[in-house]
Amino acid sequence: MSVVDRQEWDVVVVGAGGAGLRAAIEARERGARTAVICKSLFGKAHTVMAEGGIAAAMANVNSGDNWQVHFRDTMRGGKFLNQWRMAELHAQEAPQRVWELETWGALFDRTKDGRIAQRNFGGHEYPRLAHVGDRTGLELIRTLQQKIVSLQQEDFRETGDYESRLKVFQECTVTRVLKEEGRVCGVFAYERESGRFFVLEAPAVVIATGGIGKSFKVTSNSWEYTGDGHALALLAGAPLLNMEFVQFHPTGMVWPPSVKGILVTESVRGDGGVLRNSDGKRFMFDYIPDVFKDKYAETEEEGDRWYDDPDHNRRPPELLPRDEVARAINAEVKEGRGSPHGGVFLDVSTRMPAEVIKRRLPSMYHQFKELADVDITAEAMEVGPTCHYVMGGVAVESDTAAARGVPGLFAAGEVAGGMHGSNRLGGNSLSDLLVFGRRAGWHAAEYAAGLAGARPVVDDVQIDSAAAEALRPFSAEAETEEPAGGPPENPYTLHQELQQTMNDLVGIIRRAPEMEQALEKLAELRLRARRAGVEGHRQFNPGWHLALDLRNMLLVSECVARAALERTESRGGHTREDHPGMDRAWRRINLLCALTDPTGGLAATDPVRGQIALTRETTEPVRADLLALFDKEELVKYLSEEELYE
Ligand code: FAD
C-alpha cells in the first residue's frame, strides 16, 4: 500500500492560468475550500503570454458594438460549429468580466476620454479588444494573482492561516483524476523538483490546463502545453469534442530557427501592419472567400481608409479570421512567392512612425530586435503559420462547465471544447477564460456543497496504480514482451518524432493518405513510448517528466488525427486538400473522442488499433432568436438543408 500525503479540499483546480485562477477565486468566494495546482511557477501560464487583448463588446470605441454583434462575429469565425449557448454567454458576460478586473486592480490602456481602449482584431466587426499595450495577459494574471493574495489575507485575518481556504501548489503535475463509483474523488500529483507523490482529495475537480501545442513542431506554445488536461479528462471517462480543429496562427516568427514559431501578435495587423509577398504585393486581396466578400475591402485604398473611417469603408483583408490568413500565407509560400526563410513579409515600418510602433507594440519591437536582430520600425518582419490554439476540447455543459459523463469534473479555458467552433477569433480566449472560469468555479463549489456528508473517498488501490504508472519509465528495460518489446527509448527522440509527424502529416493542410500514415506512425510511437525509459531518480529529472507527458501527447494527437481524417470537409482550422469546401451536411455534426477502453486503463488497449474511438453526434439547433440576428442570405451559406427548412 502506498504511503502518500493526502489532503482534503472541496474543489481542486488543475491549472493556474486565467481560467484556473478565475475558477479558484469564484469557488473560494462561494465558500469552497479550494486548492490550485499548477505544473509551472505560479504566474507562469500561457495566459501571461497573451499579447493583443481581451474581446468584450463594451462599445467604448464604436457605439455600434453590443453582445449580439460579438455573438455574430464569434459564430461566423467558428463557421457555425460553435456550441451556440457558450458563444451567447460569452458575448453577454465578457464586458462584466473586464470591468470586474478593473475593480480588482487591472489597468487597461485608455481612450482619450478615459474609457478602456479597444483595438481592432481579425473577424471582429468593431474595435473590441481591451488591452495593455501588447502585454495584456501579464496584466490579467497579475490582477488575478493579486485577488488571490487579497482573499488569502482575508482568510488569515479570520483563521490565522493564509492557506486555510485557498492554497496554491506550484510546480506540481497532476497525472490522474481519481474516481470512486464513477464520481470524481480527487487528483494524483507529484512535485516536479522532488518527485514526491501526493493526493488532493476533493469531490469536484476543475481542469484548466490549456492546450496541446507541444505535439507540433512549430508552435507558439511553451513546454507546458502537452495536452495534459485533455488526456486527464479522457482517462477519467469524459469525451473530447471536435479535436480536429487546431488553430494555426498566421504569424509566427520563421527566423532564426531557434525561435521559429514564436508568436507575432495579431495586433500588428490590427494596428495597420500589412502582409506582402516577395513581389511586394499585398496578396490578401486575392484570398477573400465568398462568405466574407461583402465585409472586406476590395482595394488597398479602401482598406487603408477603414482605419480612420470604419463606418464608411470595409476592413482590409489582412484582418480576415486567422484560418483564412494562415492558408493564404501557406499558398503564397508554396507558389514560390515567400520570403527568404520560408514565410512572407509583415510590415509596420512603412505604416506607422517609429515611436508609435514602440509605444503600441513594445514586446514585438524587443522580440524582433533581441531574437532576430530585426528593427521592426525600419524593416519588415518575416512571418509564417504556427500551431497556436486548440478549439477542440473537453465536452462540457454550456452553462455549468461540467464535463460530460463524469460527475464532479469541470473544464474551462482552452482545454474545454465547443465555445469557438471550428476557429477562434483573436481575443476571444482571454474573455472565454474569465467567463467560463467563473462558471466552472461557481458550479464546482455548488456541486461539492451539495454532496454534504456523502463525499466519495479515494481508495488505496487507485493511488497504487497511479503511482505505478508514474514510476514505469524507471523500469522501462523490463518491458520486453511483444508487441511492445525492444530496447528502452529516449523520451526526447519520441517527442521529436511525434512533433514532426503531427506537423508534416496533420498540419495546416491535410490529406487522407497522410493522416492515415500519421495514425500508423502514432501506433508505432505508442508502442515505443511504453519503453520510454529514464535514468536516475525522481529528483530534478526533466526526462522523466517528458516520459509522463508523452502519454498525454500521444492520446491527444491520436484524437486530432482520427477526427481530422473523419471530417471530410474544410471548415475553420481544419483544411482538407482532398475536400476543399465547407460541406453543409457537416454543419450539425460533432465528433466525439473517447477511450476504446472505458475503464480508463491504457495497458489493456490494443496498442496497434489505437486508443481512441470516434462517435458522431448531431448538434442542438441554434435557438430561433439567435438565428434572427443574422440575415437569411448569410444563414444559407452555413446552415444545413434541414435547418433552413425548419
Ligand atoms: P494557461 O494559461 O496555459 O494555463 C494552464 C495552466 O495549467 C498552467 O498553470 C499550467 O502549469 C497548468 N497545467 C498544465 N498541465 C498541468 C498538469 N498536468 N498538472 C498541473 N498543472 C498543469 N488569447 C487572447 O484572447 N488574446 C491574446 O492576445 C492572446 N495572445 C496569445 C499569445 C500567445 C503567445 C499565446 C501562446 C496565446 C495567446 N492567446 C491569446 C491564447 C491564450 O493566451 C490562451 O488560450 C489562454 O491563456 C489559455 O488559458 P488557460 O487558463 O486555459 O491555460
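Residues numbered from 1 in each chain as written. Predicted model: local features only at pLDDT ≥ 70, side-chain atom pairs only at ≥ 80, totals over all residues. Heavy atoms only, no water.

K.L.:
So what's going on with empty space enclosed by the protein? Residues and values would help.
P.N.:
Applying the stated criterion across every chain yields a total of two cavities of 30 Å³ or more. Its boundaries defined by the atoms lining it, the largest cavity holds a volume of some 60 Å³. Surrounding the largest cavity, Val246, Gln247, Phe248, Asp323, Ala326, Arg327, Asn423, Ile508, Gly572, Gly573, His574 and Thr575 form its lining. Of all the elements in the fold, those that place two or more residues in the lining of the largest cavity are β13 (246-253) and α8 (322-334). Grouping the constituent residues of the lining of the largest cavity by class yields four nonpolar, six polar and two charged. The volume enclosed by the second largest cavity comes to roughly 40 Å³. Lining the second largest cavity are Thr173, Val174, Thr175, Tyr190, Asp228, Leu548, Asp549, Arg551 and Asn552. Mapped onto the lining of the second largest cavity, the elements with two or more residues apiece are β8 (172-180) and α15 (542-566). Looking at the lining of the second largest cavity, the element that brings in the most residues is α15, giving four residues. The residue makeup of the lining of the second largest cavity, split by class, is three nonpolar, three polar and three charged. (1 Å grid on protein atoms, 1.4 Å probe; cavity = no way out; pocket = protein on both sides within 12 Å on 5 of 7 lines; lining within 4 Å. Points joined across faces, edges and corners; volume = space filled by probe spheres on them. Helix = DSSP H or I, 4+ residues; strand = E, 2+ residues; numbered from the N terminus. Nonpolar A, V, L, I, M, F, W, Y, C, P; charged D, E, K, R; others polar.)

K.L.:
So what's going on with the packing of aromatic side chains? Residues and values would help.
P.N.:
Two aromatic rings are characterised by how far apart their centres lie and by the angle between their planes. Summed over all chains, the structure comprises 16 aromatic pairs. Aromatic side chains Phe292 and Tyr296 sit 6.0 Å apart centroid to centroid with 80 degrees between the ring planes, which places their arrangement in the edge-to-face category. An identical accessibility class is assigned to Phe292 and Tyr296; each is buried. Taken together, Trp67, Phe71, Phe80, Phe630 and Tyr638 form an aromatic cluster joined through their ring pairs. Positioned above the aromatic ring of Tyr389 is the side chain of Arg424, whose terminal nitrogen or guanidinium carbon lies 4.1 Å from the ring centre. (Phe/Tyr/Trp six-rings, centres within 6.5 Å; stacked < 30°, edge-to-face > 60°. Buried < 20%, exposed > 50% of the residue type's maximum accessible area, 1.4 Å probe, protein only. Lys NZ or Arg CZ within 6 Å of the ring centre and 35° of its normal.)

K.L.:
Would you mind going over unusual backbone geometry in detail, with residue names and values included?
P.N.:
Looking along the chain, the bond that leaves Trp255 and enters Pro256 is cis, with omega of -5 degrees. Relative to the helices and strands, Pro256 resides in the loop between β13 and α6 (267-270). Phi is positive for Glu171, close to 50 degrees, though the residue is something other than glycine. Secondary-structure assignment places Glu171 in the loop between β7 (166-169) and β8.

K.L.:
Mind laying out the UniProt feature "domain: FAD-dependent oxidoreductase 2 FAD-binding" (unreviewed entry) in the protein chain, listing which residues take part and the relevant values?
P.N.:
As recorded in UniProt, the feature "domain: FAD-dependent oxidoreductase 2 FAD-binding" (unreviewed entry) lies at residues 10-430. When the span residues 10-430 is considered, its composition is 29% helix and 18% strand, and the gap between its end C-alpha atoms is 26 Å. (UniProt positions renumbered as here; feature names shortened; annotations may be inferred.)

K.L.:
An account of the packing of helix α5 (residues 228-236) against α15 is requested, with residue identities and associated values reported.
P.N.:
Direction vectors running N to C along α5 and α15 enclose 80 degrees, while the axes themselves pass 8 Å from each other. One element, α5, and the other, α15, form an angle in the roughly perpendicular class. Residues Asp228, His230, Ala231, Leu232, Leu234 and Leu235 of α5 pack against Asp549, Arg551, Asn552, Leu555, Val556 and Cys559 of α15. Looking at the contact of α5 with α15 residue by residue, the classes come out as seven nonpolar, two polar and three charged. (Axes fitted to C-alpha atoms, helices over the stretch in contact; angles between N-to-C directions. Parallel < 35°, antiparallel > 145°, perpendicular 65-115°, else oblique. Contact = heavy atoms within 4.5 Å.)

K.L.:
Before we move on, can you summarise helix α10 (residues 362-372) with the specific residues and values?
P.N.:
Listing the buried residues of α10 in full gives Pro362, Ser363, Met364, Tyr365, Gln367, Phe368 and Ala372. Structurally, α10 contributes buried residues whose contacts are with β13, α6, α9 (354-360) and β16 (381-390). Taken from the residues just after α10, Asp373 is the one with a positive phi, measuring 55 degrees.

K.L.:
A description of the nonpolar core should follow, citing residues and the corresponding values.
P.N.:
In a soluble, globular protein the nonpolar side chains are often hidden away together inside. Counting residues in each nonpolar core, the largest one holds 134 residues, and the members touching the most others are Val12, Ile37 and Leu409. Here this core gets 13 residues from one element, more than from any other, and that element is α15. Those residues in contact with Ile37, other than ones at most four positions away along the chain, are Val12, Val13, Val14, Gly15, Phe169, Cys172, Val174, Ala189, Phe198 and Leu200. Within the second largest apolar cluster, 43 residues are counted, among which are Leu320, Val374, Val622 and Leu639. (Core = buried A, V, L, I, M, F, W, Y, C linked by side-chain atoms within 4.5 Å.)

K.L.:
If you had to explain the site of the ligand to someone new, which residues and values would you point to?
P.N.:
Around the ligand lies a shell of 40 residues, among which Thr47, Gly52, Tyr225, Asp228 and Glu414 are the nearest. A distance of 2.7 Å separates a nitrogen atom of the ligand from a polar side-chain atom of Asp228. Ser429 is positioned such that a nitrogen or oxygen atom in its side chain is 2.8 Å from an oxygen atom of the ligand. In isolation the ligand offers 1000 Å² of accessible surface; the protein chains occlude 99% of this area. Elements with a minimum of two residues in the shell around the ligand: α1 (18-29), β8, β16 and α11 (428-451). Here the shell around the ligand gets four residues from one element, more than from any other, and that element is α11. Looking at the shell around the ligand residue by residue, the class counts come to 16 nonpolar, 18 polar and six charged. (Near = heavy atom within 4 Å. Polar contact = N/O pair within 3.5 Å; in protein donor to acceptor, adjacent residues only side chain to side chain. Areas by Shrake-Rupley, 256 points an atom, 1.4 Å probe, with all protein chains shown as cover.)

K.L.:
Help me get a handle on the pattern of salt bridges, residues and values and all.
P.N.:
The tally for this structure, following the rule as stated, stands at 69 salt bridges. Ionic pairing is found between Arg567 and Glu244, a salt bridge with its closest N-O pair at 2.5 Å. Here Arg567 is found in the loop between α15 and β19 (589-595), whereas its partner Glu244 is found in the loop between β12 (240-241) and β13, with 323 residues between them in sequence. In terms of burial, Arg567 and Glu244 fall into one category: buried. Three or more residues joined by partner-sharing salt bridges are found here, namely Asp65, Asp73, Arg76, Glu125, Arg128 and Glu634. (Salt bridge = Lys/Arg side-chain N within 4 Å of Asp/Glu carboxyl O.)

K.L.:
Quick rundown of the environment of Arg360? Include the residues and the values.
P.N.:
You can see Arg360 is positioned in helix α9. Sequence-wise, Arg360 and Ser267 are 93 residues apart; in three dimensions their C-alpha atoms are separated by 8.8 Å. Side-chain polar atoms of Arg360 contact the side chain of Asp271, separated by 2.8 Å.

K.L.:
Tell me what's going on with the pairing of strand β10 (residues 197-201), and back it up with residues and numbers.
P.N.:
In terms of burial, β10 is a largely internal element, five of the five residues being buried. Neither face of β10 is left uncovered, since the one carrying Phe197, Val199 and Glu201 and the one carrying Phe198 and Leu200 both have all their residues buried. In terms of strand pairing, strand β1 (residues 5-8) meets β10 through four bridges, oriented parallel. Within β10, the residue paired with Arg6 across the bridge is Val199. Alignment of strand β9 (residues 183-191) against β10, held across five bridges, turns out to be antiparallel. Among the inter-strand pairings, Tyr190 is bridged to a residue of β10, identified as Phe197. (Pairing = 2+ DSSP bridges.)

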